[in-house]
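# Geometric and topological summary
Read off the chains here:
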Amino acid sequence: MERAAVPDAAERHTAEFLRVKALAERGVASAQHQLGFMYVNGQAVARNYTLAVEWYRKAAAAGLEQAQYNLGVMYQKGQGVDQDHAQALYWYRCAAEQGYAPAQYNLGWLYAKGQGAAADVGEALHWFSQAASQGDPGAQHNLGMMFDGGKGVAQDTDAALAWYRRAAEQGYARSQFALALRYDSGQGVARDPVQARDWLRRAAEQGHAPAQFNLALRFDKGQDVEQDSVQAVHWYALAAHQGHASSQFNLALIYDSGHGVPRDEAAALEWYRRAASQGHAAAQDNLGLRCEHGQGMDRDPVLAAHWYRQAAAQGLPAAQYHLGQLYDNGNGVEHDAAQAVHWYQQAAEQGHLRAQFDLGLRYESGVGVAQDAARALDWYRRAADQEYAPAQHMVGVLLDRNESGDPREAAHWYRKAADQGHALAQFALALRYDSAHGVEPDYEAAHFWYLCAARQGHARAQFNLGVMYAAGQGAQRDLLEAYGWLARAAGGGVAGAAAYLKRVSARMDAQQLEMVQGLSQEAA
């Protein structure tokens, strides 16, 4: 069987490659540079970084600035040679001193980062300025950052904005984004949401992920634009697919809630996973919750503990609290009251409301810590100051228990909790108005708060309310109302309620007795 002839190397190369190679071998510097470029990019020849460096070096030695620049790039990246920032800096400088703007820009970066030479902000400023004056947008942007932060120059917001604008108008996405943020915040310019959105969109349309995220955020929250979840999902998705963790997390939240888009639990879980794997603490906490409760996946408290721990180590208070709960309940980890308290403490000190309240409970009861009423009161107060009704109630309780506690302050906290509908606080406040403890006596107020608590099923409040109706105290006497509330209290097991019912029944006329008997039969 005949086989097709395999062309030799010369035949495989294009006429253009052979022409350039012939010129390069004759010492034509531009051809040597072009040949190096062809080897780097695999253009009409197999990619070969080593040969590329060889030809770049010949052209660079001849003084060709583009070749000097590209040889610097090869040394900086370690392509075809061992990575060597000092050599990169040398060749960049050769090209930069000939006025080659890309080399000036890269030289500026090496001095800024201290690569190949000691960090030198003055040298960085010099070379960025040289490149920027030739219109290099990256250098213009970096000059903007230096003036913005006062690095190597006096801080000058106007100069920073001017350089950002010059780069932005050339289509440099990072400067467009920087300009958008300043119009959004009014930093150095009059706040202008329209300009902010315009520059954000320009950067976003070039694929700049932070701009896509910020644009999405505006549509998501309706900030300076009409709320539009579809647009939010569009821009979040573009950034998320580039690996932008916050976009991945927010995209997960939208799919999780179904806010403005069809709810998709699988998509939400996938984006939580992607963001969590990049170290996004809130995503790790959310993923932990799904593992713990089996939401959209098999229940796995061990994996939940893993994700909570990752987020907790980053200082996320919600994750610290959730990890504390796992230790508290021995769920996915060995039960460890001390570890539970440790993580509650970490979260509480950052202001996590439930952690503060749970710490109060532990110091009050001595679970996992030495019993300490003063510390319990301190943590309850912190949660109470965040308007958490159960904590406000407990502040009142602990003040009542303390012989030196102020009954007026206790009544203050009971009222705050009662106003939020906390039944125990409503009952405690009613008792105070009933007995003039820390407040002026006020039977009408006592009746009101007993009624609020009674309607929520508080049995002792139902009993006291029945007694007040029977006595006409705080409200007009009403034996039927008295009987009804006392019957509920008796059903709730309040001692003395059944006996009091008999006393109320004894005071009823025949018609009233018939009515309560009918009601009793209906209830049965």
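Notes on the structure in this doc start here. None of these values were measured; they are calculated from a predicted model.

Looking only at helices and strands, the protein chain features 30 helices and zero strands. Expected size for 524 residues packed as a compact globule is a radius of gyration near 24 Å; at 38 Å, the protein chain overshoots this value by more than 25%. For the protein chain, the spread of C-alpha atoms along the three principal axes comes to 125 × 75 × 50 Å. Within the span of the protein chain, comprising 524 residues, buried residues form 46% of the whole. In the protein chain, of all internal contacts separated by at least 6 residues, the share reaching a separation of at least 24 is 44%.

Helix-helix packing: each pair is described by the crossing angle between the helix axes and the interaxial distance. Two elements in contact, helix 8 (residues 121-133) and helix 9 (residues 137-149), have axes whose closest approach is 8 Å; the angle formed by their N-to-C orientations is 135°. Regarding the angle of helix 8 to helix 9, the classification is oblique. Here helix 8 and helix 9 pass one another in a crossing that is left-handed. Across the interface between the two elements, Val121, Leu125, Phe128, Ser129, Ala131 and Ala132 from helix 8 touch Ala139, Gln140, Asn142, Leu143 and Met146 from helix 9.

Another aspect to go through is the environment of Val194. Take Val194: it is sitting in helix 12 (residues 193-205). For Val194, a relative accessible area of 55% corresponds to the exposed category. Sequence separation between Val194 and Glu123 is 71 residues, and the spatial gap between their C-alpha atoms is 38 Å.

Below, the discussion takes up unusual backbone geometry. Non-glycine residue Ala44 carries a positive phi angle of around 70°. On the secondary structure map, Ala44 appears in the loop between helix 3 (29-41) and helix 4 (49-61). With relative accessibility at 33%, the residue Ala44 sits in the partly exposed group. Its identity as a non-glycine residue notwithstanding, Ala436 has a phi of 60°, on the positive side.

It is worth spelling out the environment of Gly99 at this point. Summarising the element assignment, Gly99 is placed in the loop between helix 6 (85-96) and helix 7 (101-113). Separated by 33 residues in the primary sequence, Gly99 and Ala132 have C-alpha atoms spaced 11 Å apart. Gly99 has contacts with Gln104 and Gln134, leaving out every residue within four places of it along the chain.

It is the contact of helix 14 (residues 229-240) with helix 15 (residues 245-257), at a shortest axis distance of 8 Å, that shows an interaxial angle of 140°. The angle between helix 14 and helix 15 falls in the class oblique. Where helix 14 crosses over helix 15, the handedness of that crossing is left-handed. Side by side, helix 14 and helix 15 meet where Ala232, Val233, Tyr236, Ala237, Ala239 and Ala240 of the first sit next to Ser247, Gln248, Asn250, Leu251, Ile254 and Tyr255 of the second. A breakdown of the residues in the contact of helix 14 with helix 15 according to their chemical character gives nine nonpolar, three polar and no charged.

Conventions used here
- The residue count restarts for each chain, going from 1 along the sequence in the order it is written.
- A pLDDT threshold of at least 70 governs which residues receive local features in this predicted model, and a stricter bar of 80 or more applies before side-chain atom pairs are shown or counted, although totals over entire chains, interfaces and linings include all residues.
- Side-chain measures here rest on the full set of heavy atoms in the structure, leaving out hydrogens and waters.
- Counting from the N terminus, the helices are the DSSP runs of H or I reaching at least four residues and the strands are the DSSP runs of E reaching at least two.
- C-alpha atoms define the radius of gyration, and 2.2 Å times the number of residues to the power 0.38 defines the globule rule.
- Buried means the residue's accessible area, taken with a 1.4 Å probe over protein chains only, is under 20% of the maximum for its type, while exposed means over 50%, and partly exposed covers the values in between.
- Only heavy atoms matter for contacts: two residues are in contact if any of them lie within 4.5 Å across the pair.
- Helix axes are fitted to C-alpha atoms over the stretch in contact, other axes to C-alpha atoms as well, and angles between N-to-C directions run from 0 to 180 degrees.
- Convention used here: angles under 35 degrees read as roughly parallel, angles over 145 as roughly antiparallel, angles from 65 to 115 as roughly perpendicular, and any remaining angle as oblique.
- Working rule for handedness: look at the near helix, and if it is turned counterclockwise from the far one by less than a right angle, call the crossing left-handed; if clockwise, right-handed.
- Gly falls in the polar group here, along with every residue not listed as nonpolar (Ala, Val, Leu, Ile, Met, Phe, Trp, Tyr, Cys, Pro) or charged (Asp, Glu, Lys, Arg).

Worth remembering: the numbers are spatial, not functional.
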